[in-house]
Amino acid sequence: MPEQVALVPAEDVATWDETVDVVVVGYGIAGACAALEAQRAGADVLVVDRAGGPGGSSIVSSGIFYLGGGTALQRDLGHEDDPEEMYKFLLSSTNAPDASIVRRYCLGSPEHFDWLEAQGVPFERSYFGGKSVVLTSTTGLFSTGNEKAWPFREIARPAPRGHKVAGEGEHAGAVGMQAILATCQAEDLPAMSDTRVTALVAGGDGGIIGVRARRDGADVHLRAGRGVVLGTGGFNFDPGMLAEHVPSLAATSEPLGVPGNDGSGIVLGVSAGASTQSMGGIIATGSFYPPSGLIKGVLVNLRGERFVAEDAYHGRTAGFIMEQPEQRAFLVVDAATFAYPKITAHRHTLVDGWETVEEMERALGMPAGALVATLAAYNEHAASGEDPQFMKHPDWVVPLTNGPWAAFDVSFDTSSYLFMTLGGLRTDADARVLTTRGRPVPGLYAAGACASTIAQDGKGYASGLSLGPGSFFGRVAGRHVAHRQPA
């Protein structure tokens, strides 16, 4: 865990090494967007980053932005959406504690897409209608969340909202981030690399007026007359914070992102009296599909019971698997639905095949008759294309009656689940960091993975709810701080 830091009183700073209006800490997508908007609003800006170059986790991401409400991409491809439907879905699925943050994001989503394209981020006018975890093609639009899963498909009209950067491979985010960084370079955005912020500096009223940083083995003090924006990432690479806040992680869990995601920005915010929320929230992914036909199987725990609709978003499924007895789960399929998971890195292994369900039940160590009863009930309703227990969409409901049967071990403690942390500093709709009493810390803002905004856990996550809100509220923070009165 990063060392606990103390707030530095302004009177303890003998000399300011540099004075600007706004200091942005972190040069991932949240920090870059904040800095661009602050500078365009007339502020004198300095970006400070601990790494040797910009990009952060954004540059190694899959390049998906969760956007909607009627973006140009949605309209061009003939998909109807509006901010109210997007708002109803996100509010119901994510359990976001601040509805005003969700509403602002949904209302501003179409304009934000236009802004991203204006910075040179490319989005191809093409659509993928199947069910996938990550597209490795340049396809621009697909569904990435629980919109079609029950009960959300009845709460809000489903629409594809995964806006993917036109890059190939699993790290298309590099294409989008490089476009934004090119814009930063073209606009001569000042940046200081290899500089680690170690403390915030506060004025007499407790407001944040600068930072202390370590550079070339010495302390430097950077004055920020209007405020500081934190865009430092989550804490999925800090063993201490993970052990404290996410003890349910397994030894086989693997963090996504870059090693700099050690929670340092969260610790900085807390030193200024900031409140945190959802620190135990993570999005874990270890999908058993593609191929999508495996969704027609059923997931069961050690008691032989189903516990989630198999067509749910893979992060939602992982969240439920983590809660099962011993974190164990199996995907059961019959001969007609059998296929091997294509994402071999997740290590969902084939346990075996059996001529009868009774044999499978015994081999998996389940209570006598439990799995037999589960499959019998499922197959009875599936014959009519129904799943009254978990309301799996009829597209994926078929009887599993064609023996032999097989089981894949998808347990959380044996498979490799990749994860990101979702907890962080509590902010308002203006990206201002809030105290434990819900009041803004004067001069302190946060965006990206160091802030907790919309998604609170994996059950309510949708791919793109990191890059989307991170870039959006980075812009919000940049504009707001640029218009503050200097301290």
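Just so it is clear, the structure is predicted and the values come from calculations on it, not from any experiment.

(A) Main features of the overall build of the protein. In terms of helices and strands, the protein carries twelve helices and 22 strands. For the protein, the C-alpha radius of gyration of 24 Å lies close to 23 Å, the compact-globule estimate for 487 residues. Out of the 487 residues belonging to the protein, those deemed buried represent 58%. For the protein, the accessible surface area stands at approximately 17900 Å², while carbon and sulfur atoms represent 51% of it. Separation of charge centres in the protein, based on 36 positive and 54 negative side chains, amounts to 4 Å.

(B) View of the packing of helix 1 (residues 29–40) against helix 6 (residues 173–186). As a packed pair, helix 1 and helix 6 sit with axes 10 Å apart at the nearest point and diverge in direction by 30°. Taken together, helix 1 and helix 6 sit at an angle that is classed as roughly parallel. You can see that helix 1 and helix 6 cross each other, and the crossing is left-handed. Contacts from Ile29, Ala32, Cys33, Leu36 and Arg40 in helix 1 reach Met177, Ile180, Thr183 and Cys184 in helix 6. The residue inventory of the contact of helix 1 with helix 6, partitioned by class, reads seven nonpolar, one polar and one charged.

(C) Representation of the nonpolar core in the model. Membership of the largest hydrophobic core comes to 63 residues, with the highest contact counts inside it found for Leu90 and Ile180. In terms of residue count, the dominant contributor to this core is helix 1 (eight residues). When sequence neighbours within four positions are dropped, the list of residues in contact with leucine 90 reads Tyr66, Asn95, Val102, Tyr105, Cys106 and Leu465. In terms of nonpolar packing, the next biggest core, distinct from the first, is built from 60 residues, Met241, Ala274, Phe412 and Leu444 among them.

(D) Local environment of empty space enclosed by the protein. This structure, assessed with the given rule, holds two cavities of 30 Å³ or more. What the largest cavity holds in volume is close to 60 Å³. Lining the largest cavity we find Gly286, Ser287, Phe288, Tyr289, His314, Thr317, Ala318, Ile321, Val410 and Tyr417. Across the lining of the largest cavity, the residue classes break down as six nonpolar, four polar and no charged. Here the second largest cavity defines a volume of roughly 30 Å³. Every residue lining the second largest cavity is listed: Ile29, Ser58, Ser61, Phe65, Val165, Gly173, Gly176, Met177 and Leu467. Residues belonging to the lining of the second largest cavity are distributed by class as follows: five nonpolar, four polar and no charged.

Conventions used here
Residues numbered from 1 in each chain as written. Predicted model: local features only at pLDDT ≥ 70, side-chain atom pairs only at ≥ 80, totals over all residues. Heavy atoms only, no water. Helix = DSSP H or I, 4+ residues; strand = E, 2+ residues; numbered from the N terminus. Rg over C-alpha atoms; globule rule 2.2 N^0.38 Å. Buried < 20%, exposed > 50% of the residue type's maximum accessible area, 1.4 Å probe, protein only. Areas by Shrake-Rupley, 256 points an atom, 1.4 Å probe, with all protein chains shown as cover. Lys, Arg positive; Asp, Glu negative; His and termini not counted. Charge placed at Lys NZ, Arg CZ, Asp CG, Glu CD. Axes fitted to C-alpha atoms, helices over the stretch in contact; angles between N-to-C directions. Parallel < 35°, antiparallel > 145°, perpendicular 65-115°, else oblique. Left-handed = near helix turned anticlockwise from the far one by under 90°. Contact = heavy atoms within 4.5 Å. Nonpolar A, V, L, I, M, F, W, Y, C, P; charged D, E, K, R; others polar. Core = buried A, V, L, I, M, F, W, Y, C linked by side-chain atoms within 4.5 Å. 1 Å grid on protein atoms, 1.4 Å probe; cavity = no way out; pocket = protein on both sides within 12 Å on 5 of 7 lines; lining within 4 Å. Points joined across faces, edges and corners; volume = space filled by probe spheres on them.

Remember, this is a structural readout, not a statement about activity or role.
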